[in-house]
Amino acid sequence: MRRLTPDEKARYAREGYLCLEGWLDPDWVDRLAAVADAFVERSRTLSQSTADILLGPGHTPEHPMLRRIPQTVAFHPVFEAFGLTGPIVDLAEDLLGPDVRFHHSKLNFKSAGGGEEIRWHQDIQFWPHSNYGPLTIGVYLTDVDDDMAPMGVFAGSHRGPLSRLRDDQGAWTGALSDAEAARLDASALRWLAGPRGTVTVHNCRVVHGSRANLSPRMRPLLLHTYAPCDAIPLTRIMDPVKFANVIVRGGPPAYARFDADPCPMPPDWGAGEYSSIFSVQQEKLG
Ligand SMILES: O=C(O)CCC(=O)C(=O)O
């Protein structure tokens, strides 16, 4: 098992994120990228989104505009093997272990020439747990430079306040309000660009997002969320999803661990009703 250095672990605890350049071996990146390409090819035959391919505005067979493959592990055996047993599970265990639960996965494409902005937000309010251990590991399936809308994070923001991700009337927006965003420390913003195979890790409280991709190159970012098993999910959103909440390392927790800092709750989406941050943010804010 490949381990993080003590310095990297200390950095994750301090800053709430890591960017590990070229961490994933090329063989895995090739396999994942080939599967992602096959989804893009299939999208050319679609005029509307399906369960496994969410299309963005302006999609045509000639210029596919994919927002996301939601729940990748449920939709292809290579994604399943990667998310449930691949090398990033070692990484999750190293940071969260010994007992680790898989929560969900997705592939955000950020298509060339218009892949949409994701406004600043924190993740945990979308899927609250009893503590703030959950984290998300991202893998860039192509080289990503600063023009291709890399993910941006605010270093240390996991130690800051939790936004309600609602507007002044209390309606869910899935994003920090303009006033909250204006209070962010601009000097802490880091854009996580890197070569193919670069791996990002961000804690569920870290403020993050990304710009629209106006470059001529697609920016596929494969994301997996894992939780320490003592972080208990507080909503049913992932309940119907295949493999959601399966234990991938260790075993069930002897105790639930509760953080004293209360977590703002999302609307009651029921089980499996929520589709994607893109649609929520675009509908409410676009
Ligand atoms: O794809 C990105 O750039 C960011 C992804 C993200 O913030 C999310 O899906 O929560």
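Residues numbered from 1 in each chain as written. Predicted model: local features only at pLDDT ≥ 70, side-chain atom pairs only at ≥ 80, totals over all residues. Heavy atoms only, no water.

Participant: Go over the sheet that holds strand β5 (residues 118-121) with me, naming the residues and quoting the values.
Facilitator: If you trace the four strands from one edge of the open sheet to the other, you get β5-β10-β7-β8, paired in antiparallel fashion. Sheet topology places β5 and β8 (189-192) at the edges, where each strand pairs with a single neighbour. Taken over all neighbouring pairs, the strand axes of this sheet differ in orientation by 20 degrees on average, direction set aside. Where β5 and strand β10 (residues 208-210) come together, two bridges link them in antiparallel fashion. Following the sheet pairing, His121 is matched in β10 by His208. (Pairing = 2+ DSSP bridges. Helix = DSSP H or I, 4+ residues; strand = E, 2+ residues; numbered from the N terminus. Axes fitted to C-alpha atoms, helices over the stretch in contact; angles between N-to-C directions.)

Participant: I'd love a proper account of unusual backbone geometry, names of residues and values included.
Facilitator: Omega for the peptide link from Gly97 to Pro98 comes to 10 degrees, which places this bond in the cis form. Within the secondary structure, Pro98 sits in the loop between α5 (87-96) and β4 (100-108). Backbone geometry places Phe243, a non-glycine residue, at a positive phi of 75 degrees. For Phe243, the location among the structural elements is in the loop between β11 (221-228) and β12 (247-249). Its identity as a non-glycine residue notwithstanding, Asn245 has a phi of 65 degrees, on the positive side. Along the chain, Asn245 turns up in the loop between β11 and β12.

Participant: Give me empty space enclosed by the protein: which residues, what numbers.
Facilitator: Under the counting rule described, the total for this entry stands at one cavity of 30 Å³ or more. Of the voids in this model, the largest cavity is the one considered here, and its volume is about 60 Å³. For the lining of the largest cavity, the per-class residue count stands at four nonpolar, four polar and three charged. (1 Å grid on protein atoms, 1.4 Å probe; cavity = no way out; pocket = protein on both sides within 12 Å on 5 of 7 lines; lining within 4 Å. Points joined across faces, edges and corners; volume = space filled by probe spheres on them. Nonpolar A, V, L, I, M, F, W, Y, C, P; charged D, E, K, R; others polar.)

Participant: Any chance you could break down the layout of surface pockets for me, citing the residues and the numbers?
Facilitator: A volume near 200 Å³ is recorded for the second largest pocket. Considering the residues around the second largest pocket, the lining is formed by Gln122, Ser157, Gly160, Pro161, Leu162, Ser163, Leu176, Glu180, Arg183, Leu184 and Val207. When grouped by side-chain class, the residues that make up the lining of the second largest pocket number five nonpolar, four polar and two charged.

Participant: Describe the pattern of salt bridges, with residues and values.
Facilitator: Two side chains bearing opposite charge may form a pair once their charged atoms approach each other closely. All chains considered together, the criterion is met by twelve salt bridges. The shortest N-O distance in the salt bridge between Arg249 and Glu93 comes to 2.6 Å. With Arg249 in strand β12 and Glu93 in helix α5, this residue pair connects regions lying 156 residues apart in the sequence. With a closest N to O distance of 2.9 Å, Arg205 and Asp261 form a salt bridge. Pair noted here: Arg205 is in the loop between β9 (199-203) and β10 and Asp261 is in the loop between β12 and α7 (277-285), with a separation of 56 residues, a long-range link. (Salt bridge = Lys/Arg side-chain N within 4 Å of Asp/Glu carboxyl O.)

Participant: Help me get a handle on the packing of aromatic side chains, residues and values and all.
Facilitator: Here the structure, examined in full by the defined rule, presents seven aromatic pairs. With a centroid separation of 6.0 Å and an interplanar angle of 35 degrees, the aromatic rings of Trp120 and Trp191 are classed as tilted. Pair noted here: Trp120 is in strand β5 and Trp191 is in strand β8, with a separation of 71 residues, a long-range link. Relative to Trp172, the ring of Phe126 lies with its centre 5.2 Å away and its plane at 85 degrees, an arrangement referred to as edge-to-face. Placement of Phe126 in the loop between β5 and β6 (135-140) and of Trp172 in the loop between β7 (151-154) and α6 (178-182) is noted, with a sequence separation of 46 residues between them. Trp172 shares its class with Phe126; the two are buried. Here a set of aromatic residues connected by ring pairs shows up, and it is made of Trp120, Phe154 and Trp191. Against the face of Trp28 rests Arg31, its NZ or CZ located 4.3 Å from the ring centre. For Arg205, the ring lying beneath its charged end belongs to Tyr132, and the centroid distance is 4.5 Å. (Phe/Tyr/Trp six-rings, centres within 6.5 Å; stacked < 30°, edge-to-face > 60°. Buried < 20%, exposed > 50% of the residue type's maximum accessible area, 1.4 Å probe, protein only. Lys NZ or Arg CZ within 6 Å of the ring centre and 35° of its normal.)

Participant: Tell me about the side chain of Ser163, residues and numbers included.
Facilitator: Assignment of secondary structure puts Ser163 in the loop between β7 and α6. The exposure class of Ser163 is buried, given its relative accessible area of 5%. A polar contact is formed between the side chain of Ser163 and the side chain of Glu180, at a distance of 2.9 Å. The contact partners of Ser163, leaving out residues within four places of it in the chain, are Gln122, Gln125, Leu176, Glu180 and Pro264. (Polar contact = N/O pair within 3.5 Å; in protein donor to acceptor, adjacent residues only side chain to side chain. Contact = heavy atoms within 4.5 Å.)

Participant: How would you sum up the site of the ligand? Please name residues and give values.
Facilitator: All residues in the neighbourhood of the ligand are listed as Arg68, Lys106, Asn108, Ile118, His121, Asp123, Met151, His208, Ser210, Arg219, Leu221 and Leu223. Between Lys106 and the ligand, the recorded distance is 3.4 Å, taken from a side-chain N or O atom to an oxygen atom. Ser210 places a side-chain nitrogen or oxygen 2.6 Å from an oxygen atom of the ligand. Here the ligand loses 98% of its free accessible area of 290 Å² to cover by the protein chains. Residues belonging to the shell around the ligand are distributed by class as follows: four nonpolar, four polar and four charged. (Near = heavy atom within 4 Å. Areas by Shrake-Rupley, 256 points an atom, 1.4 Å probe, with all protein chains shown as cover.)

Participant: So, α5: which residues are in play, and what are the values?
Facilitator: Of all ten residues in α5, nine are buried, a share of seventy percent or more. Among the residues making up α5, those that are buried are Pro87, Ile88, Val89, Asp90, Leu91, Ala92, Asp94, Leu95 and Leu96.

Honestly, that's just the spatial picture; any functional story needs more than this.
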